[in-house]
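This is what each chain is made of:
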Amino acid sequence: MKSFVCSLCHNGILGGMLYLDGSSLTYKTGKLTVDSKYRNLVLPLSNIKEISWKWMIFPVATVHTKIGEDYKFIIFNKPRFEKWFKEYSK
């Protein structure tokens, strides 16, 4: 499992961590004021259609799911994330 410092862009910027392993991409935050869905957001790799990138001061990844949901994350080490995402999503 690999971990990445990130922020979820949802009703503001929510700091947390992304965890990537062979089965899922998981966002976790300890902020209790955040809806429980977003405190431990698990996105199975099999449900991720693609990840697109935009630069807005920091690299912003938009995770597009096969069911039409999109999630935006500021990921502070884009090259390392891309390397491991490619490796795990083979």
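Above this text sits the structure in question.
Described in the following lines is the structure provided in the data block. (Residues numbered from 1 in each chain as written. Predicted model: local features only at pLDDT ≥ 70, side-chain atom pairs only at ≥ 80, totals over all residues. Heavy atoms only, no water.)

Thoughts on the overall build of the protein
For step 1, the next point in the chain: In terms of helices and strands, the protein carries two helices and seven strands.
For step 2, the next point in the chain: For the protein, the spread of C-alpha atoms along the three principal axes comes to 35 × 25 × 25 Å.
For step 3, the next point in the chain: Counting across all 90 residues of the protein, residues that qualify as buried make up 38%.
For step 4, the next point in the chain: Partitioning the intrachain contacts of the protein with sequence separation of at least 6 by distance along the chain shows that 32% fall at a separation of at least 24.
For step 5, the next point in the chain: The positive charge centre, built from 14 side chains, and the negative charge centre, built from 7, are 5 Å apart in the protein. (Helix = DSSP H or I, 4+ residues; strand = E, 2+ residues; numbered from the N terminus. Buried < 20%, exposed > 50% of the residue type's maximum accessible area, 1.4 Å probe, protein only. Contact = heavy atoms within 4.5 Å. Lys, Arg positive; Asp, Glu negative; His and termini not counted. Charge placed at Lys NZ, Arg CZ, Asp CG, Glu CD.)

Digging into the sheet that holds strand β1 (residues 2–9)
For step 1, the next point in the chain: Judged by pairing direction, the sheet is antiparallel, and its seven strands sit side by side in the order β4-β3-β2-β1-β7-β6-β5 without closing on themselves. Looking along the sheet, the strands with just one partner apiece sit at the ends: β4 (40–44) and β5 (48–56). Neighbour to neighbour, the strand axes of the sheet diverge by 30° on average, direction disregarded.
For step 2, the next point in the chain: Sheet topology note: the strand β6 (residues 58–65)/strand β7 (residues 70–75) ladder contains five bridges and is antiparallel. Directly across from Val60, in β7, lies its bridge partner Ile74.
For step 3, the next point in the chain: Docked against the sheet, helix α2 (residues 78–88) engages β1, β2 (13–20), β3 (24–28), β5, β6 and β7, running at close to 110° with respect to β1. (Pairing = 2+ DSSP bridges. Axes fitted to C-alpha atoms, helices over the stretch in contact; angles between N-to-C directions.)

Brief notes about the pattern of salt bridges
As a working rule, side chains carrying opposite charge can pair if their charged atoms are close by.
For step 1, the next point in the chain: Counted by the stated rule, this structure contains one salt bridge.
For step 2, the next point in the chain: Among the ionic pairs, Lys37 bridges to Glu69, the shortest N-O distance being 3.8 Å. Of this pair, Lys37 sits in helix α1 (residues 36–39) while Glu69 sits in the loop between β6 and β7, and the two are 32 residues apart along the sequence.
For step 3, the next point in the chain: Taking relative accessible area as the criterion, Lys37 reaches 37% and is therefore assigned partly exposed.
For step 4, the next point in the chain: Overall, the relative accessible area of 31% leaves Glu69 in the partly exposed class. (Salt bridge = Lys/Arg side-chain N within 4 Å of Asp/Glu carboxyl O.)

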